[in-house]
Amino acid sequence: MAVYTDITEDDLSRFLTAYDAGTLTSYKGIAEGVENSNFLLHTTKGAFILTLYEKRVDRNDLPFFLGLMHHLAERGLSCPLPLPRNDGALLGELSGRPAAMISFLEGMWLRKPSAQHCREVGRALAEMHLAGDGFEITRENALSVGGWRPLWDKSADRADEVEKGLQDEIAGELAFLEANWPKDLPAGVIHADLFPDNVFFLGDDLSGLIDFYFACNDLLAYDVAICLNAWCFEKDGAFNLTKGMALLAGYESVRPLSDEEAAALPLLARGSALRFFLTRLYDWLMTPPGALVVKKDPLEYLRKLRFHRQVANPAEYGLSR
Ligand SMILES: Nc1ncnc2c1ncn2[C@@H]1O[C@H](COP(=O)(O)OP(=O)(O)OP(=O)(O)O)[C@@H](O)[C@H]1O
Ligand SMILES: N[C@@H](CCO)C(=O)O
């Protein structure tokens, strides 16, 4: 579920008077997503997404997220556009929460993406990386190598509840990645969470990217590694080389990876698998029983991590060099 904060029709209608968004004809909560409360609104001027930012989103980051969507959309990337209020601000307040009106993006996310879809995603990711250039606000990645140990420290004691031996295995992995993490690769604005549920398609055509709430400044190739993890494994845990090849070819059709970036892919993929393993493990252990949020399986990312550990070179992901 993702309606943590309830709104009343009266409050909503009053909130809308600050925008040139027409008058409300209907609204409903959106069940998908886990971080924020989202509503689909219909007004006399069309459809909009209303997002109320919940506790895990730092209010100080909102100008980065909303400004970035604006910056990317202005440069032709298909992503939601925050609607400015009549006073020019992108952010308002509703039911005690920071709130934004976002343009509605047509399309659906794919439960079973094909290699062709992976190619489209790779291309769109590279386009986003180029379009992010020149965005003047910066945001550090709290979930890159420096953020993993503090997160791990919160779960380490209980990790063996999930799988025996995990505490030692992850401690070793973390130490390895901290010692070997690359520093000098090209950096810029990355999406950092471009999973299938954040990419919309209309038929086979990619219609847009959503959910920029993990976006930050980091290594561009780290974003590619996140996508390899999120798009190119099958349900049985096997890496699909055809999908990897397609995703990387799509990416390189817009922004070729340097030799250094290519060589770092196995390491970046390990780090990215560890990042999603750690956030999932934390949620797995800390979410109280009976909470309405669907917990994601940390072991899916442990298996991916183990796969990347035995990858010797980027050709094993389908990169032709
Ligand atoms: N601009 C948009 N246009 C159309 N639908 C949208 C838009 N933004 C969000 N949605 C809908 O709301 C759902 C949740 O959005 P989003 O993924 O941003 O939420 P979230 O709470 O940040 O979730 P999470 O971080 O778990 O992915 C999406 O799956 C989609 O159905
Ligand atoms: N994409 C993340 C969830 C946070 O958006 C995951 O699958 O763990």
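Residues numbered from 1 in each chain as written. Chains lettered and ligands numbered in written order. Predicted model: local features only at pLDDT ≥ 70, side-chain atom pairs only at ≥ 80, totals over all residues. Heavy atoms only, no water.

### Looking at the site of ligand 1
Thought 1: Residues in contact with ligand 1 amount to 16 residues; listed here are only the nearest, V34, E35, S103, L105 and D211.
Thought 2: Measuring from an oxygen atom of ligand 1, one finds a backbone N or O atom of N36 at 3.0 Å.
Thought 3: Measuring from a nitrogen atom of ligand 1, one finds a backbone N or O atom of S103 at 3.0 Å.
Thought 4: Notes on ligand 1: free accessible area 620 Å², of which the protein chains cover 90%.
Thought 5: Per-class residue counts for the shell around ligand 1 are eight nonpolar, five polar and three charged.
Thought 6: Formed jointly, the shell around ligand 1 draws a minimum of three residues from each of two domains, domain 1 (9-102) and domain 2 (115-317). (Near = heavy atom within 4 Å. Polar contact = N/O pair within 3.5 Å; in protein donor to acceptor, adjacent residues only side chain to side chain. Areas by Shrake-Rupley, 256 points an atom, 1.4 Å probe, with all protein chains shown as cover. Nonpolar A, V, L, I, M, F, W, Y, C, P; charged D, E, K, R; others polar. Domains from an automatic or database assignment.)

### Some details on helix α6 (residues 220-231)
Thought 1: Between its first and last C-alpha, α6 extends 17 Å over twelve residues, near the 16 Å set by a 1.5 Å rise per residue.
Thought 2: Across the twelve residues that make up α6, a large majority, twelve, are buried.
Thought 3: Taken together, the buried positions of α6 are L220, A221, Y222, D223, V224, A225, I226, C227, L228, N229, A230 and W231. (Helix = DSSP H or I, 4+ residues; strand = E, 2+ residues; numbered from the N terminus. Expected span 1.5 Å × (residues − 1). Buried < 20%, exposed > 50% of the residue type's maximum accessible area, 1.4 Å probe, protein only.)

### Some details on the nonpolar core
Thought 1: One finds W148, I170, F212, W231, L268, L274 and F277 to be the most contacted residues of the largest nonpolar core, which totals 88 residues.
Thought 2: With 13 residues, helix α8 (residues 259-286) is the single largest residue contributor to this core.
Thought 3: Residue assignment places this core across two domains, with domain 1 (9-102) and domain 2 (115-317) each supplying three or more.
Thought 4: Not counting the four nearest positions on each side in its chain, I170 is found in contact with W152, L274, F277, L278, L302 and L305.
Thought 5: Ranked by size, the runner-up nonpolar core spans 15 residues in total, among them L24, F39, L50 and L94. (Core = buried A, V, L, I, M, F, W, Y, C linked by side-chain atoms within 4.5 Å. Contact = heavy atoms within 4.5 Å.)

### Here's the deal with the domain arrangement of the chain
Thought 1: When the domains of the chain are assigned, the result is domain 1 (9-102) and domain 2 (115-317).
Thought 2: Computed from C-alpha atoms alone, the centre-to-centre distance between domain 1 and domain 2 is 27 Å.
Thought 3: Domain 1 puts 20 residues into the contact, and the matching count from domain 2 is 24 residues.
Thought 4: Around 1800 Å² of area is buried between domain 1 and domain 2 when both sides are counted, 73% of it from carbon and sulfur atoms.
Thought 5: Of all residues in domain 1, the largest losses of buried area upon contact with domain 2 belong to F64, F65 and L77, amounting jointly to 32% of the total for that side.
Thought 6: Residues R56 and D283 are paired through a salt bridge, measuring 3.4 Å at the closest nitrogen-oxygen approach.
Thought 7: If you tally residues by element for the side of domain 1 that touches domain 2, the top one is helix α2 (residues 62-74), at eight residues.
Thought 8: Class assignment for the residues of the side of domain 1 that touches domain 2 results in twelve nonpolar, four polar and four charged. (Buried area = accessible area lost by both parts, 1.4 Å probe. Salt bridge = Lys/Arg side-chain N within 4 Å of Asp/Glu carboxyl O.)

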